[in-house]
Amino acid sequence: MRKAIWLATFGYVFSVLILLSVLYWFLKNEGFDEMTFLTGSGFVLLLTVGWGYIITSHLMMPRKRTQEHLLDLTKNIIHELNIPLSTIQANSEMLARNTEEEKSRKRLGRISDAAKRLERLYEELVYTIKKEVHEIERESFDLKTLVEERVEIFREQERNPFVLELEPCQVMTDKIGCEQMLDNLIGNAMKYSSKTQPIRIVLKNRTLQIIDQGIGMDEAQLLKVFERFYQADNRQEGEGIGLSLVKTFCDTEGIEIAITSEKGSGTQVRLKLDSIVHAAFTS
């Protein structure tokens, strides 16, 4: 591909030089005045644009065909994944209703939880693919309700307690992207805190804060916190891409994000939501 680009570049430059030579010959023979200059320049510009379009189309066509093939293949695989996932969920729920033994019910519960997690990953994968194909439509919703829904899911893990101070806040944004942002921030707060420490979430005055009392970070770690694959504590599970995705979403939506932290004293994430607060809600 790189060789083809270099050859196309050389061919394009060489073609432009020939056209400029033709322009020079034309002006020399016809005489240089405003009309001949505009006529010759317009002809050269037209040929240059057309030739550039042909070269670019030729170079991009193989990549476009590959992308379309991969997209179709991915869509088919995702569709096939949804079938066994639905089967697992339906059968585990059916078995749980007909099982009396406590140990078996717990095992089925774990299977059901894993299936729900897979369903969530499936939805995120579909969302990511759709976002690559076309722009995701923004929708209006109450952020307070969404935060409560996401917290309820984390509460099922029976880990950290939550302290919520939420006021209604109607926003207009990419809802699934917002869910992913919340999940990453809440998940991080839990991951880097002991199981007994509460996670405090405050939504007031167009600002969302997620506060933990975990291990915290020093200044050097804070400088790298949004870097892809960076983890403040390598002993924790994860790929280190959560906060990178959060930052990308915030930048796309115009949300100001700030993180303050102190080693051993916890971390506070602050999101200013002015850019996504629904205009009808503020009037």
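Here, residues in each chain are numbered from 1, in the same order as that chain's written sequence. The predicted origin of the model limits local features to residues at a pLDDT of at least 70 and limits the giving and counting of side-chain atom pairs to 80 or more, whereas totals for whole chains, interfaces and linings rest on all residues. No hydrogens and no water enter the side-chain calculation; it runs on all heavy atoms of the structure.

J.: Just checking my understanding: could you explain the packing of aromatic side chains for this structure?
T.: Centre-to-centre distance and the angle between the planes together describe a pair of aromatic rings. Classification of ring pairs uses Phe, Tyr and Trp, with its six-membered ring standing for Trp, and accepts pairs whose centres are within 6.5 Å; under 30 degrees between planes counts as stacked, over 60 as edge-to-face, and the remaining range as tilted. Overall, the coordinates contain zero aromatic pairs when judged by the stated rule. By definition here, charges over rings are those cases where NZ of Lys or CZ of Arg is within 6 Å of the ring centre and within 35 degrees of the ring normal. The lysine or arginine in question, Lys175, covers the ring of Phe141, its NZ or CZ lying 5.5 Å from the ring centre.

J.: Sorry if this is basic, but what is going on with the nonpolar core here?
T.: Across soluble globular proteins, nonpolar side chains show a tendency to be buried alongside one another. Leu143, Met181, Ile201, Leu271 and Leu273 are the most contacted members of the largest nonpolar core, which totals 36 residues. When residues of this core are traced back to their parent elements, those giving at least two are helix 4 (143-155), strand 2 (162-166), helix 5 (175-191), strand 4 (199-204), strand 5 (207-211), helix 7 (242-253), strand 6 (256-262) and strand 7 (266-272). Only runs of H or I of at least four residues qualify as helices and only runs of E of at least two qualify as strands under DSSP, and these elements are numbered from the N terminus. Per element, the largest residue contribution to this core is seven residues, and it comes from helix 5. Remark: nonpolar core denotes a set of buried residues (Ala, Val, Leu, Ile, Met, Phe, Trp, Tyr, Cys) joined through side-chain atoms within 4.5 Å. Three labels apply to residues, based on accessible area from a 1.4 Å probe with only protein chains included: buried if under 20% of the type maximum, exposed if over 50%, partly exposed otherwise in between.

J.: Can you help me understand the pairing of strand 6 in this one?
T.: Regular strands show a simple pattern: their side chains alternate between the two faces of the sheet. Residues Ile257, Ile259 and Ser261 point to one face of strand 6 and are all buried, whereas Glu256, Ala258, Thr260 and Glu262, pointing to the other face, are not buried. Note on pairing: DSSP must find at least two bridges between two strands before they are called paired. As defined by bridge partners, strand 6 adjoins strand 7 across seven bridges and the pair is classed as antiparallel. Counterpart to Ser261 in the pairing with strand 7 is Thr267. Here strand 6 hands over to strand 7 after three residues, with Gly264 in that stretch at a positive phi of 85 degrees.

J.: Explanation requested: the pattern of salt bridges in the structure shown.
T.: Opposite charge on two side chains permits pairing when their charged atoms draw close. Counted as salt bridges are all cases of a side-chain nitrogen of Lys or Arg within 4 Å of a carboxyl oxygen of Asp or Glu. Tallied over the full model, the rule gives eight salt bridges. Of the charged contacts, one joins Arg138 and Glu253 as a salt bridge, the two residues approaching to 2.9 Å between their closest N and O atoms. Residue Arg138 is found in the loop between helix 3 (102-133) and strand 1 (139-142), and its partner Glu253 is found in helix 7; the two are separated by 115 residues along the sequence. Judged by relative accessible area, which is 36%, Arg138 ranks as partly exposed. Two residues, Asp183 and Arg150, come together in a salt bridge whose shortest N-O distance is 2.9 Å. Highlighted residues: Asp183 in helix 5 and Arg150 in helix 4, separated in sequence by 33 residues.

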